[in-house]
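Fold and contact review
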Amino acid sequence: MSSFASFADFLAMGNHGAYVWSAYGISLAVLALNVALPILARRRYLQDEARRLRRESNS
């Protein structure tokens, strides 16, 4: 047995859909950032270290 009569009712969430779906969206964005930012920071760190090592080996 379903709590919603239709898919449109499910999306509307009893007239609270904007709040519910925005909360899901914000949560998903935060989780994605928690994965992506450390990966990008590591890549940037490794590039900086490689650049530093090249400079030191040329000196």
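Parameters at a glance
Residues numbered from 1 in each chain as written. Predicted model: local features only at pLDDT ≥ 70, side-chain atom pairs only at ≥ 80, totals over all residues. Heavy atoms only, no water. UniProt positions renumbered as here; feature names shortened; annotations may be inferred. Helix = DSSP H or I, 4+ residues; strand = E, 2+ residues; numbered from the N terminus. Phe/Tyr/Trp six-rings, centres within 6.5 Å; stacked < 30°, edge-to-face > 60°. Buried < 20%, exposed > 50% of the residue type's maximum accessible area, 1.4 Å probe, protein only. Patch = residues over 30% accessible without salt bridge, like charges linked within 9 Å, V, L, I, M, F, W, Y side chains within 5 Å. Areas by Shrake-Rupley, 256 points an atom, 1.4 Å probe, with all protein chains shown as cover. Salt bridge = Lys/Arg side-chain N within 4 Å of Asp/Glu carboxyl O.

An unreviewed UniProt entry lists the protein under the name Heme exporter protein D, from Aquipseudomonas alcaligenes. UniProt lists a comment for the protein under the heading Sequence similarities (unreviewed entry), and it reads "Belongs to the CcmD/CycX/HelD family." Check the Subcellular location (unreviewed entry) section of the UniProt entry for the protein; it says "Cell inner membrane".

**Observations concerning the UniProt feature "transmembrane region" (unreviewed entry) in the protein**
Taking the UniProt record as the reference, the feature "transmembrane region" (unreviewed entry) is found at residues 20–41. Between the end C-alpha atoms of residues 20–41 there is a gap of 32 Å, over a span that is 100% helix and 0% strand.

**Considering unusual backbone geometry**
Leave glycine aside and you will find that most residues have negative phi; peptide bonds, for their part, are mostly trans. In this structure, methionine 13 takes a positive phi of about 50° despite not being glycine. Along the polypeptide, methionine 13 turns up in the loop between helix H1 (7–12) and helix H2 (17–58). Although it is not a glycine, asparagine 15 adopts a positive phi angle of roughly 65°. When you line up the elements, asparagine 15 lands in the loop between H1 and H2.

**Concerning the packing of aromatic side chains**
Two aromatic rings, taken as a pair, are described by how far apart their centres are and by the angle between their planes. Under the defined criterion, the tally for this structure stands at four aromatic pairs. Aromatic pair phenylalanine 4 and phenylalanine 10: ring centres 5.4 Å apart, planes at 75°, arrangement edge-to-face. Owing to a relative accessible area of 32%, phenylalanine 4 belongs among the partly exposed residues under this scheme. Relative to tryptophan 21, the ring of phenylalanine 10 has its centre 5.6 Å away and its plane inclined at 70°; by these criteria the two rings are edge-to-face. Residue phenylalanine 10 is located in helix H1, and its partner tryptophan 21 is located in helix H2; the two are separated by 11 residues in the primary sequence.

**A closer look at a nonpolar patch on the surface**
A cluster of nonpolar side chains, contributed by Phe7, Leu11, Trp21 and Tyr24, occupies part of the molecular surface with about 450 Å² of accessible area. Those elements that provide at least two residues to the nonpolar patch are H1 and H2. Of note, leucine 11 is situated in helix H1.

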